[in-house]
Structure formats: structure tokens, C-alpha cells
Amino acid sequence: MLTDVVDGSSATRTKNPDYWGYDPKYPQNRLPYVDELKVVVILEESSIFAALRSGKLDYRRWALSLDAVESLRQTNPEIVAHPIWVRSSDSFAPDVRVPPFNDINVRRAMQLALDNETAVATYWKGQANATPQGLVGVKGYYIPFEQWDEEVKQYYRYDSEAAEKLLDEAGYPRGADGTRFNTVLNIGPFASLDFAEIAAAYWAEIGVDVEINLLDAGEFNSRMRVRDFEGMSGAIAGSLDNPVSNFDDFHSDSEVNRGGVQDPEHDAMVDAALGATSIEEQKRLIAEVDMYAIEQHWQIFGPKSPIYLLAQPWVKGYNGELALNKWEDWLNFAYLWIDSEMKEEMGY
């Protein structure tokens, strides 16, 4: 039961003494196990990891920084880090309504300028995937990269010279200071600031000056829903969310249409997929919608990196699932408990 909320600080849920359920694996155990669950809001990443180190936090759901996780493992080797590859949270959606990104060749150039494979090998130390994807990452609902037409594939490789040529042809030559144009990249807390800076450095090499604007979750989400972004915004790709619920993000009426796409042909394809009368037909049509968006370069693909789910060893019944109960359509855990004796023995 929700028993206390401190705005911007915490939310506390207390055990319902009249709850009727029992653990199906251990039928003698009445649920819930935990007497009190306190979810705390900590905005600073360094403060979160400090709380994990000191045992003040039992569980962290969404850690992005591999370096921070490895540092935590060095001081607290007993902490369990579960990596899961949910989606790319480090892709980018340019505003296709206005110059320069209303030109597909500019969008192609921005993709060609990113050396995702090197970023995976160095920044992510081989733990991310640079294989391009569209919005959808659920098998059977998208066309794998190896099956893309060569005409499409050629724009999803790293080739800074080709990028520069496209920008020249699009009418964006380098100025006296070497800059072709300036733009802004707006990202929220679920994207990697480090990779955003890496991407900005690659774009600088082709003469595109990118200012990074880091927003908190509330502002990012509210501005995304009204398409109030100058330049580019952080975006997702290759998502394991229910494909029926996220393949239509570029629909003209979608509230998460970050780039402001208005394409009647695409909208009609989306409507046809939603009206499919069989699963197989819907899979095929969703894959076609996804491929259409890929061909239009409505997003710039960034690598699909892991998020880390961190748990203290005294958290039992947990095996790296994303959330408690049905927060998403996948990766949920039902029951967990705290081994208080182990926690005390470890000095916490």
C-alpha cells in the first residue's frame, strides 16, 4: 500500500496485512515478503553508487555507465550486476520539419559520420552492438540488417568522406571557420552523455557543431510530447517493447514522434498494420513500416548497449529482471525478499 510520498525524494509502500496471496513456489509463505519498500529519488549518479557501496541501497534498476559499474565491482565485488540489452537508448531523432534535417542527405551524412563500431570496441569495451536497427527489436517483426538492400546499407556504415560529400551536395559547405552548420542535441537521463559527446566529436569532424543539452526526465518527456526540440533529440531503436505498441512512433499523430514526421504514406502503412487480421500478416506489415522509416533516415542509429541492474547479494528471488510486476511486457519478477541475516553478517 502506498503510505508515504515525499515529492522529489521518495515513495514508500507498506505491506498490506490483509493481502490474500501465497508464493506458488513456497505455498506456506504468505505474500508479500517485504514489510516496507522505499523507492528513493537520487539524481546524481555518483550519489547512487555511493549509496550502493555503503549498503544503503539494495537494488538499482537502470545503470548506464560501464565504467561506474566496473568501479563499483572493484570496491564491492559481492554486488551482482546483470546486463540486459533492452534497446538502443543512444540513437538520435533530427527534427525533419525544418532545415537542415528536412534534407534526407543531411540525415544520411549524420549517420555516415558516426563510427559506431569503434565506439563499441572502445567506450563500451565490446559489450554493445553496432548492428543497425530501426525502432523494432523483437524477432519476426523487423528485417535484419543483413537482409537490407545494399542501397540502404551503404548509408549505415562509417564513411566521413562520403558524409562530407553529401553535405556539400546538400548546400552546406564549410565556412571560414570550418563549420557547416550548428545544431543542438537534447538528451534525457536514460541516454549516455558520454556517447553523446563522442557522437558530437564525430560530427565536428565533418563540420557540424553540436551543442548537447542534458534535460531531466520530466522536461525531456514533456517537451518530446509536444515536439518542442530544436535540432535533434535522444531516441530509441531496436526496442524489445511490444512491437505493436512502438512501431508507430513516427505516425503523424504519435505523441513520441520526436522528429515531427508527417508522412501520409507511412501513416497509411501503420494503419494497415494495426488493422491486420492475423499475427503473421501483422508481423510482415510492421516489418515493412520499420523498413520504410529506416530508408527515410528519420533516426540516426547509435549502438545498442546494455543497461545494468544492480543488486546486493542479500536481495533474494531476483535474477536480473527489469522490474517488479508488470511495468513492461517482459523481464518482470514476481517476488523478492531480503536476507536480513546475510546483510547483518556483511556489516550492513
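Here the structure is shown first, and the text comes after it.
Anyway, here's the lowdown on the structure attached to this text. A quick note: this is a predicted structure, and the numbers were derived from the prediction, not measured. Note that residues are indexed from 1 along each chain, following the sequence as it is written. The model is predicted, so local features are restricted to residues of pLDDT at least 70 and side-chain atom pairs to those at 80 or more, both for listing and for counting; the totals for chains, interfaces and linings are taken over all residues. Heavy atoms throughout the structure, all of them, feed into the side-chain values; hydrogens and water do not.

### Considering the pattern of salt bridges
Okay, so step 1: For this analysis, a salt bridge means a side-chain nitrogen from Lys or Arg found within 4 Å of a carboxyl oxygen belonging to Asp or Glu. With the rule as written, the count across this model stands at 16 salt bridges.
Okay, so step 2: Here Glu 45 ties to Arg 60 by a salt bridge, and the two come within 3.5 Å at their closest N and O atoms. Of this pair, Glu 45 sits in helix α1 (residues 45-53) while Arg 60 is found in strand β4 (residues 59-63), placing the two residues 15 residues apart along the sequence.
Okay, so step 3: For each residue, the accessible area found with a 1.4 Å probe, counting protein chains only, is set against the maximum for its type, and the residue is called buried under 20%, exposed over 50%, and partly exposed in between. Take Arg 60: its relative accessible area is 15%, and that puts it in the buried class.
Okay, so step 4: Between Asp 228 and Arg 223 there is a salt bridge, and its shortest N-O distance comes to 3.6 Å.
Okay, so step 5: Members of the salt-bridge network, linked through shared partners, are Glu 164, Asp 168, Arg 174 and Arg 180. Segments assigned H or I by DSSP are reported as helices when at least four residues long, segments assigned E as strands when at least two residues long, and all are numbered from the N terminus.

### Comments concerning helix α6 (residues 160-169)
Okay, so step 1: Among the residues of α6, Ala 163, Leu 166 and Leu 167 are the ones counted as buried. Projected down its long axis, α6 shows its buried positions confined to an angular sector of 100 degrees, all on one face. Exposed residues lying more than 90 degrees from the buried face of α6 are Glu 161, Lys 165 and Glu 169.
Okay, so step 2: Contacts are residue-level and defined by heavy atoms, with any inter-residue pair within 4.5 Å sufficient. Structurally, α6 contributes buried residues whose contacts are with α3 (104-112), β7 (181-187) and β8 (208-214).
Okay, so step 3: Positive backbone phi, at 90 degrees, marks Gly 171, one or two positions downstream of α6. It is the directions from the helix axis to the C-beta atoms whose arc is reported.

### Some thoughts on empty space enclosed by the protein
Okay, so step 1: A 1.4 Å probe that fits into a set of points on a 1 Å grid over the protein atoms alone but cannot get out defines a cavity; an open set with protein on both sides within 12 Å along at least five of seven lines defines a pocket, and lining residues are those with an atom within 4 Å of a point. Grid points are joined across faces, edges and corners, and a volume is the space filled by probe spheres set on the points. Under the criterion given, the structure shown has four cavities of 30 Å³ or more.
Okay, so step 2: Approximately 100 Å³ is the volume attributed to the largest cavity.
Okay, so step 3: As for the largest cavity, its lining consists of 14 residues, of which Gln 133, Gly 134, Leu 135, Ile 294 and Gln 299 are closest to the centre.
Okay, so step 4: By residue number, the principal contributor to the lining of the largest cavity is helix α11 (residues 279-296), which donates three residues.
Okay, so step 5: Broken down by class, the residue content of the lining of the largest cavity amounts to nine nonpolar, four polar and one charged.
Okay, so step 6: For the second largest cavity, the calculated volume is near 50 Å³.
Okay, so step 7: What lines the second largest cavity is Leu 64, Val 86, Arg 87, Ser 89, Asp 90, Ser 305, Pro 306 and Ile 307.
Okay, so step 8: Of the residues assigned to the lining of the second largest cavity, the class counts are four nonpolar, two polar and two charged. Polar here means any residue other than Ala, Val, Leu, Ile, Met, Phe, Trp, Tyr, Cys and Pro, which are nonpolar, and Asp, Glu, Lys and Arg, which are charged; Gly is therefore polar.

### Regarding the sheet that holds strand β2 (residues 10-14)
Okay, so step 1: Pairing is antiparallel in the open sheet, where three strands are placed in the order β1-β2-β3. Two strands bound the open sheet, and with one partner strand each, they are β1 (2-6) and β3 (36-40). Strand-to-strand twist in this sheet, taken as the mean axis angle between neighbours without regard to direction, amounts to 10 degrees.
Okay, so step 2: Paired strands, in this sense, are two strands between which DSSP finds at least two bridges. In the sheet, β2 pairs with β3 via five bridges, with the strands oriented antiparallel. The axes used here are C-alpha line fits, helices contributing only the stretch in contact, and every angle between their N-to-C directions lies in the interval 0 to 180 degrees.

### Here's the deal with the side chain of His 251
Okay, so step 1: Tracing the backbone shows His 251 in the loop between α9 (243-246) and α10 (264-274).
Okay, so step 2: Given a relative accessible area of 12%, His 251 falls into the buried group.
Okay, so step 3: Filtering out sequence-adjacent residues up to four positions away, His 251 remains in contact with Arg 227, Asn 257, Val 261, His 266, Asp 267, Val 270 and Asp 271.

### Describing the nonpolar core
Okay, so step 1: By size, the foremost hydrophobic cluster in this structure holds 39 residues, and its most contacted members are Phe 92, Met 110, Phe 181, Leu 185, Trp 203, Val 208 and Met 232.
Okay, so step 2: Of all elements in the fold, only α3, α4 (116-122), α6, β7, α7 (193-205), β8 and α11 reach the threshold of two or more residues within this core.
Okay, so step 3: Per element, the largest residue contribution to this core is six residues, and it comes from α7.
Okay, so step 4: Setting aside residues up to four positions removed in sequence, Val 208 forms contacts with Met 110, Leu 167, Phe 181, Thr 183 and Trp 203. Among buried residues, those of type Ala, Val, Leu, Ile, Met, Phe, Trp, Tyr and Cys that are joined through side-chain atoms within 4.5 Å constitute a nonpolar core.

### Some thoughts on the packing of α1 against helix α2 (residues 66-75)
Okay, so step 1: Contact geometry of α1 with α2 gives a least axis separation of 10 Å together with a crossing angle of 25 degrees. By the angle class used here, α1 and α2 are roughly parallel. Here the hand of the crossing between α1 and α2 comes out right-handed. Residues Phe 49, Leu 52 and Arg 53 of α1 form the contact with α2, whose participating residues are Ala 68, Val 69, Ser 71, Leu 72 and Thr 75.
Okay, so step 2: Broken down by class, the residue content of the contact of α1 with α2 amounts to five nonpolar, two polar and one charged. Comment on the angle field: the value is read as roughly parallel under 35 degrees, roughly antiparallel over 145, roughly perpendicular from 65 to 115, and oblique elsewhere. Throughout, a crossing is termed right-handed when the near helix is turned clockwise from the far one, and left-handed when it is turned anticlockwise from it by less than a right angle.

### Digging into the sheet that holds strand β6 (residues 88-94)
Okay, so step 1: What the four strands build is an open sheet, ordered β6-β9-β7-β8; its pairing is mixed. Single-partner strands in this sheet number two, and they are β6 and β8. The sheet shows a mean angle of 40 degrees between the axes of neighbouring strands, taken without regard to direction.
Okay, so step 2: Of the strand pairs in this sheet, β6 and strand β9 (residues 232-237) are connected by five bridges, and their pairing is antiparallel.

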